[in-house]
Amino acid sequence: MSKNETLFIRFVILLVLATTLCGEIRVGILASIESNAKQTILYQNTAIACIPFGVIPLEKMVENGESSEECRKQIGEFYRLYPHKKAFAREHLYLQQTYHYENIEQGCILYANGAETWSERLLSEGIALIDPRFNNIEWNGRLKKAQMGAKRSKAGLHDTLIQKFCIK
């Protein structure tokens, strides 16, 4: 076998292996939007709950807040001032449209805008924070970059006391 043939065979094998690694990303139809924190995707006629990975959206903070009464009050005030933030998912995701998604242990990766994930969109809008317990080497950098952009511009909850009262 010549050197070129060997290289070609190695390339084909590498290509086949790379294709199987990328096989986890699926395409599903967005069936419902409950909130910024939960959507339902239909994949092969099976409903799959899609909860954003690695982040704590405001809706989850209300449920699990450190000082739940004060947390609820702060988030209620935030949504009163910015009602479009509460309806962010309904304004930016479209029912019956197909989306790429991937289920991982920490949640659902919904590709909402090309390579940008729904978790990154929530962080950059300032309507979610990175979950302090989340640790995924592949995604930490991207999520931190999105959150830092929101902090720098004081977007969403970064200009409030929500983080103080709602994150343990």
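Quick caveat, the model's predicted, so the values are computed rather than measured.

Trainee: Residue-level account of the sheet that holds strand β1 (residues 26-35), with values.
Mentor: Taking strand neighbours across the sheet as the criterion, the 6 strands line up as β3-β2-β1-β5-β6-β7 in an open arrangement whose pairing is antiparallel. Two strands close off the open sheet at either side, each with one partner strand: β3 (46-50) and β7 (116-117). Two strands pair when backbone bridges link them, and strand β2 (residues 38-43) and β3 are joined in this way by 5 bridges, in the antiparallel orientation. The residue of β3 that forms the bridge with Y43 is T46.

Trainee: Summarise the packing of helix α6 (residues 118-125) against helix α7 (residues 137-152); cite the residues concerned and give the values.
Mentor: Running from N to C, α6 and α7 cross one another at 25 degrees; their axes reach a closest spacing of 7 Å. The angle between α6 and α7 falls in the class roughly parallel. The handedness of the crossing between α6 and α7 is right-handed. On α7, the residues touching S119, E120, L123 and S124 of α6 are R142, L143, A146, Q147 and A150.

Trainee: A description of the state of the cysteines should follow, citing residues and the corresponding values.
Mentor: Linking two cysteines covalently through their sulfur atoms gives a disulfide. Applying the stated criterion across every chain yields a total of 2 disulfides. A disulfide bridge connects C50 with C108, and the sulfur atoms are separated by 2.0 Å. Every disulfide takes its handedness from the sign of the S-S torsion; for C50 and C108 that torsion is -85 degrees, giving left-handed. On the criterion of sequence distance, the pair formed by C50 in strand β3 and C108 in strand β6 (residues 107-113) is long-range, its members being 58 residues apart. In this pair, the class of C50 matches that of C108, namely buried.

Trainee: Describe the nonpolar core, listing the residues and the values that go with them.
Mentor: Core analysis: the largest hydrophobic core is formed by 40 residues, its most contacted members being L58, M61, I75, L93, L110, W118 and I162. The element best represented in this core is β6, accounting for 5 residues. With residues up to four places along the chain from it excluded, the contact list for W118 reads N36, Q39, P52, F88, A89, H92, L93, L110 and A112.

Trainee: If you had to explain the packing of aromatic side chains to someone new, which residues and values would you point to?
Mentor: Scanning the model with the defined rule gives 6 aromatic pairs in all. Between Y43 and Y101, the ring centres sit 6.0 Å apart and the planes meet at 75 degrees, which makes this aromatic pair edge-to-face. Here Y43 is found in strand β2, whereas its partner Y101 is found in strand β5 (residues 98-104), with 58 residues between them in sequence. With a centroid separation of 5.5 Å and 25 degrees between ring planes, the pair formed by F88 and W118 is classed as stacked.

Trainee: Any chance you could break down helix α3 (residues 68-81) for me, citing the residues and the numbers?
Mentor: Over its 14 residues, α3 runs 20 Å from end to end, which matches the ideal 20 Å to within 8%, given 1.5 Å per residue. Every buried residue of α3 is accounted for by C71, Q74, I75, F78 and Y79. All buried residues of α3 project into a common sector of 130 degrees when viewed along the axis, lining one side. More than 90 degrees from the buried face of α3, the exposed residues found are E69, K73, R80 and L81. Buried residues in α3 make contact with α2 (58-64), α4 (83-86) and α8 (162-166).

Trainee: I'd like to hear about the pairing of β6, residue by residue, with values.
Mentor: For β6, the buried fraction is high: 6 of the 7 residues fall into the buried class. In the sheet, β5 pairs with β6 via 5 bridges, with the strands oriented antiparallel. Counted as the bridge partner of Y101 is L110 from β6. Hairpin remark: β5 followed by β6, antiparallel, with 2 residues in the connecting loop. For β6 and β7, the ladder comprises 2 bridges, and the chain directions are antiparallel. Each residue of the ladder has a partner; that of Y111, found in β7, is T117.

Calculation notes
Residues numbered from 1 in each chain as written. Predicted model: local features only at pLDDT ≥ 70, side-chain atom pairs only at ≥ 80, totals over all residues. Heavy atoms only, no water. Pairing = 2+ DSSP bridges. Helix = DSSP H or I, 4+ residues; strand = E, 2+ residues; numbered from the N terminus. Axes fitted to C-alpha atoms, helices over the stretch in contact; angles between N-to-C directions. Parallel < 35°, antiparallel > 145°, perpendicular 65-115°, else oblique. Left-handed = near helix turned anticlockwise from the far one by under 90°. Contact = heavy atoms within 4.5 Å. Disulfide = S-S within 2.5 Å. Buried < 20%, exposed > 50% of the residue type's maximum accessible area, 1.4 Å probe, protein only. Core = buried A, V, L, I, M, F, W, Y, C linked by side-chain atoms within 4.5 Å. Phe/Tyr/Trp six-rings, centres within 6.5 Å; stacked < 30°, edge-to-face > 60°. Expected span 1.5 Å × (residues − 1). Arc of directions from axis to C-beta.

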